[in-house]
Amino acid sequence: MGADKAVSDLKCIWISHIHADHHTGLTRILTRRRELLKGSPHSPIIVVGPWQLEKYLNAYQKLEDLDMLFLDCRNTTKEAPTLEDFPRKKDAIPILESLKKVLWEAGLDDLVSFPVRHCGKSNAAFGVVIKASERVNNVGKVIEGWKVVYSGDTRPCTELIEASRGATLLIHEATFEDGKASDAIKKEHSTMGEAIQVGADAGVYRIILTHFSQRYPKLPVFDNTHMKHKTCVAFDLMSVNLKYLHILPQIMPYLTLLFNKEMDDDESEDIFE
């Protein structure tokens, strides 16, 4: 029941790139939402993603209606392409207006995609910035504005650092431990140390590390000395209230006790590409 409500309440889904571990299951979510809302007044869900994802979704829609509007990530960048650079921008204008409405209803100011270093030279991997401005709640209390950045899958890059300047929270992939830097370079991912350095270079308030390699049973091996007192690690089904970000690093010792185990060299090889 709770899962169905979460699915039916969805208004927008943002996808970073087309590797299977990031979009497998998307069509099932879309069709389930359509089923749940059948007969009720509603708007199509907005799916924001790289252009390759649209080709896949359009092919699927020949079999089953997904009740969605697709928006290319390139149309949500800070400097969106002109009509000359990207002829389909004109088609995206009404969807961009729908996205603005969805953001406003969610109390958000903006959603901005930015390119990152993944997927080779295809320019088909993105991170995202979500912003909310200062507001006053229904009891007159001022709620500070915030900025959350999600890296997607990436190597450390200038685009990510610039997008993260002054962020309240950076959610950064940290697929590999620091001793696996060569693997990180080869597979276009980041090590824990590199992810933390991106946050430090951008001056972010807090960092959550995620997307750990499947070679680690629970958590990767990390060095407490480089956690910088502003970093935490993610785990399945984790949720964080932004007002408690200031205490987030304090839970790291407890997460270590709960989850961290010695790496099993017999674990299967990393599945991420």
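Residues numbered from 1 in each chain as written. Predicted model: local features only at pLDDT ≥ 70, side-chain atom pairs only at ≥ 80, totals over all residues. Heavy atoms only, no water.

Novice: What am I meant to see in the sheet that holds strand β3 (residues 68-72) here?
Specialist: Sheet strands line up and pair through hydrogen bonds in the backbone, either parallel or antiparallel. Here three strands make up an open sheet; going across it, the order is β1-β2-β3 and the pairing parallel. In the strand order of this sheet, the two ends are held by β1 (12-14) and β3, each with one partner. Neighbouring strand axes in the sheet, compared pairwise and without regard to direction, differ in orientation by 20° on average. Sheet analysis places β1 next to strand β2 (residues 45-49), joined by three bridges and oriented parallel. Looking at β2, one finds that Trp14 is bridged to Val48. On top of the sheet, helix α3 (residues 26-37) reaches β1, β2 and β3; it is set at about 165° to β2, its chief contact. (Pairing = 2+ DSSP bridges. Helix = DSSP H or I, 4+ residues; strand = E, 2+ residues; numbered from the N terminus. Axes fitted to C-alpha atoms, helices over the stretch in contact; angles between N-to-C directions. Contact = heavy atoms within 4.5 Å.)

Novice: Quick question: what am I supposed to make of α3 here?
Specialist: Given a rise of 1.5 Å per residue, 12 residues ought to cover 16 Å, and the 17 Å separating the end C-alpha atoms of α3 matches this to within 8%. Regarding α3, the residues found buried are Leu26, Thr27, Leu30, Thr31, Arg33 and Leu37. For α3, the buried positions fall inside an angular range of 155° around the axis, keeping them on one side. One or two residues past the end of α3 sits Gly39, with phi positive at roughly 90°. (Expected span 1.5 Å × (residues − 1). Buried < 20%, exposed > 50% of the residue type's maximum accessible area, 1.4 Å probe, protein only. Arc of directions from axis to C-beta.)

Novice: Is there a simple way to think about the environment of Arg34 in this case?
Specialist: Looking at the secondary structure, you find Arg34 in helix α3. Sequence spacing of Arg34 and Leu66 is 32 residues, and the spatial spacing of their C-alpha atoms is 6.8 Å. The residues contacting Arg34, other than those within four sequence positions of it, are Glu64, Asp65 and Asp67.

Novice: What am I meant to see in the nonpolar core here?
Specialist: Nonpolar side chains tend toward joint burial in soluble globular proteins. By size, the foremost hydrophobic cluster in this structure holds 33 residues, and its most contacted members are Phe114, Val149, Leu160, Leu209 and Val233. Within the residue set of this core, elements represented by two or more residues are β4 (110-115), β8 (146-150), α6 (158-163), β9 (169-173), α8 (192-202), β10 (206-210), β11 (231-233) and α9 (252-259). The contacts of Leu160, once residues within four sequence positions are left out, are Phe114, Val149, Ser151, Thr154, Leu170, His172 and Val198. Counting 16 residues, the second largest nonpolar core, distinct from the first, contains Trp14, Val48, Ala92 and Ala132. (Core = buried A, V, L, I, M, F, W, Y, C linked by side-chain atoms within 4.5 Å.)

Novice: Would you explain the packing of aromatic side chains in this entry?
Specialist: Two descriptors summarise a pair of aromatic rings, namely the distance from one centre to the other and the angle between the planes of the rings. What the rule picks out here adds up to one aromatic pair. A cation over an aromatic ring shows up here: Arg206 above the ring of Tyr205, its NZ or CZ 4.2 Å from the ring centre. (Phe/Tyr/Trp six-rings, centres within 6.5 Å; stacked < 30°, edge-to-face > 60°. Lys NZ or Arg CZ within 6 Å of the ring centre and 35° of its normal.)

Novice: I tried to follow the side chain of Ser190 on my own but got confused; where do I start?
Specialist: Counting through the fold element by element, Ser190 comes out in the loop between α7 (181-186) and α8. With residues near it in sequence (within four places) discarded, Ser190 still touches Thr154, Arg155, Pro156, His172, Glu173, Ala174, Thr175, Phe176 and Ala184.

Novice: Whenever I open this one, the pairing of β3 confuses me. Can you help?
Specialist: Where a strand is regular, its side chains alternate between the two sheet faces. Within β3, four of the five residues are buried, which leaves the element mostly enclosed by the surrounding structure. The pairing of β2 with β3 spans five bridges and is classified as parallel. Paired with Ile46 across the strands is Leu69, a residue of β3.

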